[in-house]
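What follows is each chain in one-letter form.
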Amino acid sequence: MILLDGKKTSADIKEEIALEVSELKNQDKKPPHLAAIIVGNDGASLTYVNAKVKACERVGFESTLIRLTEKTTEEELLNEIAVLNVDNDINGFIVQLPLPDHIDEHKILMAIDPKKDVDGFHPMNVGKLALNLPTFISATPFGIIELLERYHIKTSGKNVVVIGRSHIVGSPMSILLSQKRKIGNATVTLAHSRTQNLETLTKEADIIVAAIGIPEFLKGNMVKKGAIIIDVGITRVADASKKNGFRLVGDVDFNAVKDKVSHITPVPGGVGPMTIAMLLKNTLLAYYRQEN
Ligand code: GUN
């Protein structure tokens, strides 16, 4: 069994980006600049956003973190977005999700200038993705594609089962893998909570992408020998033996499948670290598109 090492791969990608940024700086060009808005004090969201900002610093990007209180109104958030949309110093920005209940997430994502939407969540960018046009592919699906590519995994003609139809992961993943592209050309089944006889489908799958958010959902009897498993789940499960009081658990029962599969992403250290690297890649892409 081969571990698909997202930690190492994301470090390689960040090193490549850092090299590109230092070349830009050598040419007296300003570096790419990513901004992130976070509303409220959710612990996991703050951890993610801080990791994104820190990653910017490591590769030589400029970064701006805008922290707004839980009580921020929708109008105030829309105003912040309007400012970033026209700020020529900012190449790309994200609004960390989830947002508090009193704010309409769709309205917020619609307000982001698609040219600066490095999360790839704006309907225009999602539409371009569906049509296989140049866009910003959102970080998690982009990271999975990149991981498969760097490990030389062939997807053409393979049976893929994607479990979970979220807008951020499952849906774009199923679209990308079925498209005519290097990592694509697969026969994709998008399974979800209403799918009947899921086990029959997964047992036939050459590649399984588990993205449903249920810890250790995919069991050993659900996979065929030699399958490739991508585990997108990262649920915090209470664990008194850990200093921070929790451990991260994927959607795959790792120990139950590990001796059967040919490749698998670990949790943590698989898909998770790739998402930050791909956000940086999208920011660099936004920078070049705006410079040219
Ligand atoms: N919340 C969980 N994942 C993401 C992400 O990729 N982008 C944003 N903006 N919020 C998230």
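Higher on the page you've got the structure.
Draft legend 1. Fine view of the site of the ligand. Taken together, Lys-52, Val-95, Gln-96, Leu-97, Asp-119 and Phe-121 form the complete shell of residues around the ligand. At 3.2 Å, a side-chain N or O of Gln-96 approaches a nitrogen atom of the ligand. Within the backbone of Leu-97, one N or O atom sits 2.9 Å away from a nitrogen atom of the ligand. Alone, the ligand offers 280 Å² of accessible surface; in the complex the protein occludes 77% of this.

Draft legend 2. Representation of the pattern of salt bridges within the structure. Using the criterion set out here, one finds 11 salt bridges in the structure. Linking Lys-115 and Asp-113 is a salt bridge whose minimum nitrogen-to-oxygen distance equals 3.7 Å. In this structure Lys-115 comes out as exposed when scored by relative accessible area, which is 57%. When its relative accessible area of 17% is taken as the criterion, Asp-113 is described as buried. Residue Asp-239 is joined to Arg-247 by a salt bridge in which the shortest nitrogen-to-oxygen separation is 3.2 Å. A residue is classified by how much of its surface remains accessible, and Asp-239, at 16% relative accessible area, is buried.

Draft legend 3. Inspection of the packing of helix H6 (residues 139–150) against helix H7 (residues 170–178) at higher detail. In contact at an axis separation of 9 Å, H6 and H7 are set at 40° when each is read in the N-to-C sense. Judged by the angle between their axes, H6 and H7 are oblique. Here H6 runs over H7; the crossing is right-handed. Contact with H6, carried on its side by Pro-141, Ile-144, Ile-145 and Leu-148, involves Pro-172, Met-173, Leu-176 and Leu-177 of H7 and no other residues of that element. Taken together, the residues of the contact of H6 with H7 break down into 8 nonpolar, no polar and no charged.

Draft legend 4. Layout of the sheet that holds strand E3 (residues 62–68). What the 3 strands build is an open sheet, ordered E3-E2-E4; its pairing is parallel. The sheet is open, and its two borders are formed by E3 and strand E4 (92–95), each paired with just one other strand. Pairwise comparison of adjacent strand axes, ignoring direction, gives a mean angle of 15° for this sheet. Judged from the 4 bridges that link them, strand E2 (residues 33–39) and E4 form a sheet pairing that is parallel. The partner of Ile-37 across the bridge, within E4, is Val-95. Where helix H2 (residues 43–59) meets the sheet, it contacts E2, E3 and E4, and its direction lies at approximately 160° from that of E3.

Draft legend 5. The arrangement of the packing of helix H1 (residues 6–26) against H6 in detail. Their axes nearest at 11 Å, the elements H1 and H6 cross at an angle of 95°. In terms of their interaxial angle, H1 and H6 are classed as roughly perpendicular. Contacts from Gly-6, Thr-9, Asp-12, Ile-13 and Glu-16 in H1 reach Glu-146, Leu-147 and Arg-150 in H6. Looking at the contact of H1 with H6 residue by residue, the class counts come to 2 nonpolar, 2 polar and 4 charged.

Draft legend 6. The nonpolar core, seen in detail. Residues Ile-17, Phe-61, Ile-144, Leu-177, Val-209 and Ile-230 are the most contacted members of the largest nonpolar core, which totals 49 residues. It is helix H10 (residues 271–291) that provides the largest number of residues to this core, a total of 9 residues.

Draft legend 7. Representation of the pairing of strand E7 (residues 207–210) in the model. Every second residue of E7 is oriented toward a common face, with Ile-207 and Val-209 on one face and Ile-208 and Ala-210 on the other, all of them buried. Note: strand E5 (residues 159–163) against E7, 4 bridges, orientation parallel. Residue pairing in the sheet places Val-162 in a bridge with Val-209 of E7. Judged from the 4 bridges that link them, E7 and strand E8 (residues 228–231) form a sheet pairing that is parallel. Bridge pairing links Ala-210 to Asp-231 in E8.

Quick notes on the rules
- Residues numbered from 1 in each chain as written.
- Predicted model: local features only at pLDDT ≥ 70, side-chain atom pairs only at ≥ 80, totals over all residues.
- Heavy atoms only, no water.
- Near = heavy atom within 4 Å.
- Polar contact = N/O pair within 3.5 Å; in protein donor to acceptor, adjacent residues only side chain to side chain.
- Areas by Shrake-Rupley, 256 points an atom, 1.4 Å probe, with all protein chains shown as cover.
- Salt bridge = Lys/Arg side-chain N within 4 Å of Asp/Glu carboxyl O.
- Buried < 20%, exposed > 50% of the residue type's maximum accessible area, 1.4 Å probe, protein only.
- Axes fitted to C-alpha atoms, helices over the stretch in contact; angles between N-to-C directions.
- Helix = DSSP H or I, 4+ residues; strand = E, 2+ residues; numbered from the N terminus.
- Parallel < 35°, antiparallel > 145°, perpendicular 65-115°, else oblique.
- Left-handed = near helix turned anticlockwise from the far one by under 90°.
- Contact = heavy atoms within 4.5 Å.
- Nonpolar A, V, L, I, M, F, W, Y, C, P; charged D, E, K, R; others polar.
- Pairing = 2+ DSSP bridges.
- Core = buried A, V, L, I, M, F, W, Y, C linked by side-chain atoms within 4.5 Å.

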